[in-house]
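Single-letter residue listing:
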Amino acid sequence: MELINAIGRRKAAVARVYVSAGSGKITINKRDIAVYFPSSILQYIVRQPLSTLDAVEKYDIKINLKGGGFKGQSEAARLAIARALVKINEEDKPALRAEGFLTRDSRVVERKKPGRPKARKRFQFSKR
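Quantities reported herein were computed from a predicted structural model and do not represent experimental measurements.

So, how was this worked out
Residues numbered from 1 in each chain as written. Predicted model: local features only at pLDDT ≥ 70, side-chain atom pairs only at ≥ 80, totals over all residues. Heavy atoms only, no water. Pairing = 2+ DSSP bridges. Helix = DSSP H or I, 4+ residues; strand = E, 2+ residues; numbered from the N terminus. Buried < 20%, exposed > 50% of the residue type's maximum accessible area, 1.4 Å probe, protein only. Contact = heavy atoms within 4.5 Å. Polar contact = N/O pair within 3.5 Å; in protein donor to acceptor, adjacent residues only side chain to side chain. Patch = residues over 30% accessible without salt bridge, like charges linked within 9 Å, V, L, I, M, F, W, Y side chains within 5 Å. Areas by Shrake-Rupley, 256 points an atom, 1.4 Å probe, with all protein chains shown as cover. Salt bridge = Lys/Arg side-chain N within 4 Å of Asp/Glu carboxyl O. Lys, Arg positive; Asp, Glu negative; His and termini not counted. Charge placed at Lys NZ, Arg CZ, Asp CG, Glu CD.

K.L.:
Run through the sheet that holds strand β5 (residues 59–66), naming residues and quoting values.
P.N.:
Pairing between the strands of a sheet is mediated by backbone hydrogen bonds and can be parallel or antiparallel. The sheet built from five strands is open, its strands ordered β1-β2-β5-β3-β4 with mixed pairing. The sheet is open, and its two borders are formed by β1 (4–10) and β4 (31–32), each paired with just one other strand. Across three bridges, strand β3 (residues 26–28) lies against β5 in parallel orientation. Within the sheet, the bridge partner assigned to Thr 27 lies in β5 and is Lys 62.

K.L.:
Could you give an account of the environment of Lys 113, naming the residues involved and the relevant values?
P.N.:
The topology assignment puts Lys 113 in the segment after α4 (93–99). Lys 113 sits in the partly exposed class, given a relative accessible area of 24%. Sequence separation between Lys 113 and Ala 80 is 33 residues; the distance between their C-alpha atoms is 33 Å. Contact partners of Lys 113, with chain neighbours within four places excluded, come to Lys 118 and Ala 119. Of note is the side chain of Lys 113, whose polar atom sits 2.7 Å from the side chain of Glu 110. For Lys 113, the side chain forms a polar contact with the main-chain oxygen of Arg 111, separated by 3.1 Å.

K.L.:
Go over a positive patch on the surface, please, and point to the residues and values.
P.N.:
On the surface, a cluster of positive charge is made up of Arg 16, Lys 30, Lys 62 and Lys 66. Here Arg 16 lies in strand β2 (residues 13–21).

K.L.:
Explain the pairing of β1 to me, using residue names and the numbers behind them.
P.N.:
In regular strands, side chains alternate between the two faces of the sheet. The two faces of β1 differ: Ile 4, Ala 6, Gly 8 and Arg 10 on one face are buried, but Asn 5, Ile 7 and Arg 9 on the other face are not. Across seven bridges, β1 lies against β2 in antiparallel orientation. For Asn 5, the partnering residue across the bridge sits in β2 and is Tyr 18. In this antiparallel pair of consecutive strands, β1 and β2, the connection spans two residues, and Lys 11 shows a positive phi of 55°.

Shown next, in the form of structure tokens:
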């Protein structure tokens, strides 16, 4: 199997994923997943598409992450891994689609508006 690449985005985070046949090693920004994401919940989020397809020990995955916070980065990596797995085997698409791993979550922070302290909050009104 040759190197398969895919991209995933969430909020301000961008994940570029390179998948090759291997033993299940996940490397993020040249560091092990346990070092990059100490939280077991975030590690679980990244591995979700693999565990859905029972392919945790089939592929070596190299991820380049940029921007955003740790939650957005983990979800961007999940989307990218799911897209790469579909490139490898098209028959896995319905299973990943049913779990919602192929849907790009487009919610981003709303911009701050002029004349207001935040996007929707208003300054305190004073009658007198």
